[in-house]
Amino acid sequence: MGKLIVIEGLDGSGKSTQLDLLYKRLTDMGIDCKSVSFPDYEHPSSTLVKMYLSGEFGKEPSDVNAYAASTFYAVDRYASFKKYWGEYYNNGGVVIAGRYVTSNAVHQNSKLDPSLWEAFLDWLYDFEYVKMGIPKPDKVIFLDMPIEVSQKLMTGRYEGNEEKKDIHERNTDYLEHCRKSALFTAEYSGWQKISCANGDNARTIEEISDDVLAAVLSVL
């Protein structure tokens, strides 16, 4: 078996940027690795995810229950593992992933009453890691970005056009619930949390990247 490292965080936390930087820094160090990202929008396995996020099953995230929505993402991950990186991983490769089962843990758990969070996480991890048989990460890095800071960053990304945000990104109440869920989930699941803000301002990309690299090297 290889190593699986996951970079997780709420929308606007800089996951894609940090994933790209991590891949470059590892390869520059001579460490062979493969980078994957979820959902896998380039392939048909993400069709249900795209329908869900575009609002075809309801305009609010809560219109699709946590268990149903989780299956959309789980199938996408299963297909990606079986077709594109499973053999590499099984032969000892290092895989770094932007989002994973961890995203279901954060976003779908937030739809539930906190009294149900532990039960949902136990169900989810059993469903994807045991029943479906996709790999469990060796390290999960949670990029913790306050919602008010991430909203400013996303608005800049979309050049002020709020309509470009998906049903998760535009719903700040939902994102606040997600952050509470994420902080609970990170603690419950043993993830490493990296703070991405100093007060009301985001830390620099380079500062965060240094912390991410140090966390990854600790398990390679």
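Structure shown above.
Bear in mind that the values here come from a model prediction, so they are computed numbers and not experimental data. (Residues numbered from 1 in each chain as written. Predicted model: local features only at pLDDT ≥ 70, side-chain atom pairs only at ≥ 80, totals over all residues. Heavy atoms only, no water.)

Asks: Go over a negative patch on the surface, please, and point to the residues and values.
Replies: A contiguous patch of negative charge on the surface is contributed by E148, D173, E176 and D200. Residue classification places D200 among the exposed residues on the basis of a relative accessible area of 54%. (Patch = residues over 30% accessible without salt bridge, like charges linked within 9 Å, V, L, I, M, F, W, Y side chains within 5 Å. Areas by Shrake-Rupley, 256 points an atom, 1.4 Å probe, with all protein chains shown as cover. Salt bridge = Lys/Arg side-chain N within 4 Å of Asp/Glu carboxyl O. Lys, Arg positive; Asp, Glu negative; His and termini not counted. Charge placed at Lys NZ, Arg CZ, Asp CG, Glu CD. Buried < 20%, exposed > 50% of the residue type's maximum accessible area, 1.4 Å probe, protein only.)

Asks: Now, about the nonpolar core: what can you tell me, with residues and values included?
Replies: The biggest cluster of nonpolar side chains holds 32 residues, and the ones touching the most others in it are L4, W85, Y100, V101, Y125 and W191. Elements that contribute at least two residues to this core include exactly β1 (3–9), α3 (66–90), β3 (94–98), α4 (101–108), α5 (117–131), β4 (139–144) and α7 (172–189). A total of six residues in this core trace back to one element, the largest contributor, which is α5. In contact with L4, not counting residues within four places along its chain, are W85, Y89, V95, A97, Y100, P135, K136, P137, D138 and K139. (Core = buried A, V, L, I, M, F, W, Y, C linked by side-chain atoms within 4.5 Å. Helix = DSSP H or I, 4+ residues; strand = E, 2+ residues; numbered from the N terminus. Contact = heavy atoms within 4.5 Å.)

Asks: A description of the layout of surface pockets should follow, citing residues and the corresponding values.
Replies: Of the pockets and cavities examined, the second largest pocket occupies roughly 170 Å³. In terms of lining residues, the second largest pocket is bounded by T102, Y125, Y129, K136, P137, D138, K139, V140, S189, G190 and W191. At the level of elements, α5 and β4 are the ones that each hand at least two residues to the lining of the second largest pocket. Looking at side-chain class alone, the lining of the second largest pocket contains five nonpolar, three polar and three charged residues. (1 Å grid on protein atoms, 1.4 Å probe; cavity = no way out; pocket = protein on both sides within 12 Å on 5 of 7 lines; lining within 4 Å. Points joined across faces, edges and corners; volume = space filled by probe spheres on them. Nonpolar A, V, L, I, M, F, W, Y, C, P; charged D, E, K, R; others polar.)

Asks: Can you tell me about the packing of α4 against α5, naming the residues and giving the values?
Replies: The contact between α4 and α5 brings their axes to 10 Å, and the two run at 155 degrees. Here α4 lies roughly antiparallel to α5, going by the angle between them. The way α4 lies across α5 gives a crossing that is right-handed. Residue-level inspection shows V101, N104, A105 and Q108 of α4 in contact with α5, the latter providing F120, L121, L124, Y125, E128 and Y129. The class makeup of the residues in the contact of α4 with α5 is seven nonpolar, two polar and one charged. (Axes fitted to C-alpha atoms, helices over the stretch in contact; angles between N-to-C directions. Parallel < 35°, antiparallel > 145°, perpendicular 65-115°, else oblique. Left-handed = near helix turned anticlockwise from the far one by under 90°.)

Asks: Break down unusual backbone geometry for me, with residues and values.
Replies: A cis amide bond, omega -5 degrees, links F38 with the succeeding residue P39. Mapped onto the fold, P39 is located in the loop between β2 (33–37) and α2 (47–53). The phi dihedral of R99 is positive, around 70 degrees, even though this residue is not glycine. Here R99 lies in the loop between β3 and α4.

Asks: Describe in detail the sheet that holds β4, supporting the description with residues and values.
Replies: Taken in spatial order, the five strands line up as β2-β3-β1-β4-β5 in an open sheet, and their pairing is parallel. Only two strands of the sheet have a single partner each, and these edge strands are β2 and β5 (192–195). Ignoring which end each strand starts from, the neighbouring axes of this sheet average 20 degrees apart. Strand direction decides the pairing type here: β4 and β5, joined by four bridges, are parallel. The residue bridging I141 from the neighbouring strand is Q192, located in β5. The strands that helix α8 (residues 205–217) touches are β1, β4 and β5; relative to β4, the one it contacts most, it runs at about 165 degrees. (Pairing = 2+ DSSP bridges.)

Asks: Can you tell me about the pattern of salt bridges, naming the residues and giving the values?
Replies: When their charged atoms lie close together, side chains carrying opposite charge are able to pair. Under the defined criterion, the tally for this structure stands at seven salt bridges. The partner of K131 in a salt bridge is D126, with the nearest N and O atoms 2.4 Å apart. Looking at K131, the relative accessible area reads 59%, which means it is exposed. Looking at D126, the relative accessible area reads 29%, which means it is partly exposed. Notably, a salt bridge pairs R179 with D144, separated by 3.0 Å at the nearest N-O pair. One end of the pair, R179, is in helix α7; the other, D144, is in strand β4, and 35 residues separate them in sequence. Through salt bridges with shared partners, a single ionic network connects R203, E207 and D211.

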